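Next come the chains, spelled out residue by residue.
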Amino acid sequence: MKAFVVNKYKDPLELADVPEPVVGERDVLVQVQAAGLNPLDEKLRIGEFKTILPYQLPLVLGNDVAGTVIGVGSKVRGFRPGDEVYARPNEDRIGTFAERIAVAEDDLALKPRSVTMEEAGSLPLVALTAWQALVEKGHVRAGQKVLVHAGAGGVGSIAIQLAKHLGATVATTASAANADFVRELGADIVIDYRTQDFEQLLGGYDLVLDSLGGENLEKSLRVLKPGGKAISIAGPPDAAVARQLGANPVVRLAITAMSAGIRRRARKLGVTYEFLFMRASGAQLGEITALIDSGALRPIVGKTASFDQLPEALEALERGGIRGKVVITKA
């Protein structure tokens, strides 16, 4: 089958013939019809995570999929051929930039009935990220104050909606051009990151979801109230992530050291810092499906492209300026 692969870190994606997926007894074979693009794909292409995710090359990229079941393993009970499904495959089984992929049954969910295949393909990674940050780690509840950075982006556009659904007051950073857009998603306070300093305007927040890292993360610690939490998907990883990924003791120590500075600064301020490396979960996608079909969440697709345009679409994603997600479609 055809797939886009990384043959060498930092080299461009190449279209290649690769072996058909191996379908285990608890796997579901999916015909890929839509695949969301994520900044993670570019980070993997350039080898940014090769220490904690030591993939063997060549590697088929792709972390989001929506499509139709065309086969199931002998012990699969929850899906059957013809089902429309979506998933974020486990990190050790990525590869949605292909014609077909085998996904573990536990990582898969039925596609929301109310959205298109392209919209479903935009959701898994960003929706699971928002869920795990706000619900699982953040325990966001009504009356709390949440700051979501980059509110017009893939994660941000879903996180704003989810935080609002949970009853929080939501602030976000965005460009002036996207101010009305993020307000429509549910943002109560919009900070123009080009002309305003959110640290000077906000305070007393319970949770910050950071997707930018660096100075942005440092400032985010200072808008939290005592006992507040900063959760980052862009800052330095911590020991919990190393354990989650099963890293060896040497790598664990190295990863823990990477976040020592930011964790120390957080402690001095009486707040906490956590890194989130989201994980696959069909069960959580099932919860998200219910929210989508009820109208509480809506997917945001800013751009679609055909399968053969994938390398160019990934470059466009890196240049920024796209609301929500970029999705590749495969007829």
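Here the structure is a predicted model, which is why all the values come from computation and not from measurement. (Residues numbered from 1 in each chain as written. Predicted model: local features only at pLDDT ≥ 70, side-chain atom pairs only at ≥ 80, totals over all residues. Heavy atoms only, no water.)

**Details of the overall build of the protein**
Heads up, the rule is: Helical segments are the DSSP runs of H or I of at least four residues, strand segments are the runs of E of at least two, and each set is numbered from the N terminus. With the radius of gyration taken over C-alpha atoms, the globule rule is written as 2.2 Å times the number of residues to the power 0.38. A 1.4 Å probe rolled over the protein chains alone gives each residue an accessible area, and that area as a share of the maximum for its type sets the label: buried under 20%, exposed over 50%, partly exposed in between. Contacts were defined at the residue level, with two residues in contact if any of their heavy atoms lie within 4.5 Å. For accessible areas, the Shrake-Rupley method is used with a probe of radius 1.4 Å. Any residue's cover is judged against the shown protein chains and nothing else. Asp and Glu are treated as the negative residues and Lys and Arg as the positive ones, with His and the ends of the chain left uncounted. Each charge is placed at NZ for Lys, CZ for Arg, CG for Asp and CD for Glu.
From N to C terminus, the protein includes 12 helices and 16 strands. Its C-alpha atoms give the protein a radius of gyration of 19 Å, within 12% of the compact-globule value 20 Å for 331 residues. Expressed as lengths along the three principal axes of its C-alpha atoms, the size of the protein is roughly 55 × 45 × 35 Å. A buried classification covers 56% of the 331 residues belonging to the protein. Relative to all contacts within the protein whose residues are 6 or more apart in sequence, the contacts with residues 24 or more apart total 68%. Carbon together with sulfur atoms contributes 50% to the accessible area of the protein, which is approximately 14,200 Å² in total. Side-chain charges in the protein split into 39 positive and 39 negative, and the spacing between the mean points of these groups amounts to 6 Å.

**Observations concerning the domain arrangement of the protein**
Inclusion rule: Note that the domain bounds reflect an automated or database-derived domain assignment. Defined here as a combined quantity, buried area equals the accessible surface (1.4 Å probe) lost by two parts on assembly, summed across both. Put simply, a salt bridge is a Lys or Arg side-chain nitrogen that is within 4 Å of an Asp or Glu carboxyl oxygen. Counted as a polar contact is a pair of N or O atoms within 3.5 Å, where, for protein atoms, one must be capable of donating a hydrogen and the other of accepting one, and residues adjacent in sequence contribute only when both atoms are in side chains.
Split into domains, the protein comes out as domain 1 (2-123 + 280-329) and domain 2 (138-275). The interface of domain 1 with domain 2 comprises 15 residues on the first partner and 16 residues on the second. Around 1,300 Å² of area is buried between domain 1 and domain 2 when both sides are counted, 67% of it from carbon and sulfur atoms. Interface area lost by domain 1 to domain 2 is led by Ile52, Arg298 and Arg323, which between them contribute 41%. Here domain 1 is connected to domain 2 by 0 salt bridges. Our count for the domain 1 to domain 2 interface comes out at 4 residue pairs in polar contact (both at pLDDT 80 or more).

**Quick look at the UniProt feature "domain: Enoyl reductase (ER)" (unreviewed entry) in the protein**
Note the following rule: UniProt positions are given in the numbering used here, feature names are shortened, and annotations may be inferred rather than shown by experiment.
Under the UniProt annotation, the feature "domain: Enoyl reductase (ER)" (unreviewed entry) is placed at residues 10-328. Split by type, residues 10-328 is 34% helix and 25% strand. Its first and last C-alpha atoms lie 21 Å apart.

**Overview of the pairing of strand β16 (residues 325-329)**
So the rule is basically this: Strand pairing is defined by DSSP finding a minimum of two bridges between the two strands. Note on handedness: a crossover is taken as right-handed if, strands pointing away from the viewer, the path from the first strand over the helix to the second is clockwise.
By the criterion of burial, β16 is predominantly enclosed, with 4 of the 5 residues buried. Judged from the 5 bridges that link them, strand β15 (residues 301-306) and β16 form a sheet pairing that is parallel. Its bridge partner lying in β16, alanine 305 is registered against isoleucine 328. Note on the crossover from β15 through helix α12 (residues 310-319) to β16: the handedness is right-handed.

**What to know about the sheet that holds strand β12 (residues 205-210)**
What counts, and what does not: Orientation is described by axes fitted as lines to C-alpha atoms, over the contacting stretch for helices, and by angles from 0 to 180 degrees between their N-to-C directions.
If you trace the 6 strands from one edge of the open sheet to the other, you get β11-β10-β9-β12-β13-β14, paired in parallel fashion. Edge strands, defined here as strands with exactly one partner in the open sheet, are β11 (189-192) and β14 (272-275). For this sheet, the mean angle separating the axes of adjacent strands, direction not counted, is 15 degrees. Contacts from helix α7 (residues 214-222) reach β12, β13 (224-232) and β14 within the one sheet, and its direction differs from that of β13 by about 155 degrees.

**Looking at the pattern of salt bridges**
Evaluated as defined, the whole model comprises 20 salt bridges. Across the pair lysine 330 and glutamate 99 runs a salt bridge whose closest N-O atoms are separated by 3.6 Å. With lysine 330 in the segment after β16 and glutamate 99 in the loop between β6 (84-87) and β7 (100-104), the pair connects residues that are 231 residues apart, well separated along the chain. For glutamate 99, a relative accessible area of 17% corresponds to the buried category. Between lysine 229 and glutamate 274 there is a salt bridge, and its shortest N-O distance comes to 3.0 Å. Here glutamate 274 lies in strand β14 and lysine 229 lies in strand β13, a separation of 45 residues in the sequence. Looking at lysine 229, the relative accessible area reads 18%, which means it is buried. Residue glutamate 274 is classed as partly exposed on the basis of its relative accessible area of 21%. Members of the salt-bridge network, linked through shared partners, are Glu20, Glu99, Arg100 and Lys330.

**Some words on the packing of helix α3 (residues 124-137) against helix α11 (residues 282-294)**
Here is the rule: Oblique is the label for every angle not falling under 35 degrees (roughly parallel), over 145 degrees (roughly antiparallel), or within 65 to 115 degrees (roughly perpendicular). Residues were grouped as follows: Ala, Val, Leu, Ile, Met, Phe, Trp, Tyr, Cys and Pro as nonpolar; Asp, Glu, Lys and Arg as charged; and all remaining residues, including Gly, as polar.
For the pair α3 and α11, interaxial distance at closest approach is 10 Å and the crossing angle is 95 degrees. Between α3 and α11, the interaxial angle falls into the category roughly perpendicular. Across the interface between the two elements, Pro124, Ala127, Leu128, Trp131, Gln132 and Glu136 of α3 pack against Gln284, Leu285, Glu287, Ile288 and Leu291 of α11. Taken together, the residues that form the contact of α3 with α11 break down as 7 nonpolar, 2 polar and 2 charged.

**A look at α3**
For clarity, the cut-off: Bend is the name given here to the angle between axes fitted to two runs of seven residues, the run ending at a residue and the run starting at it.
The largest bend along α3 measures about 25 degrees and falls at tryptophan 131. Burial analysis of α3 places 11 of its 14 residues in the buried class, which makes it a mostly covered element. For α3, the complete set of buried residues consists of Pro124, Leu125, Val126, Ala127, Leu128, Thr129, Ala130, Trp131, Gln132, Ala133 and Leu134. One or two positions beyond α3, positive phi appears at histidine 139, with a value near 50 degrees.

**A word on unusual backbone geometry**
Backbone torsion omega between leucine 57 and proline 58 reads 0 degrees, so that peptide bond is classified as cis. Inspection of the secondary structure puts proline 58 in the loop between α1 (39-45) and β4 (59-60).

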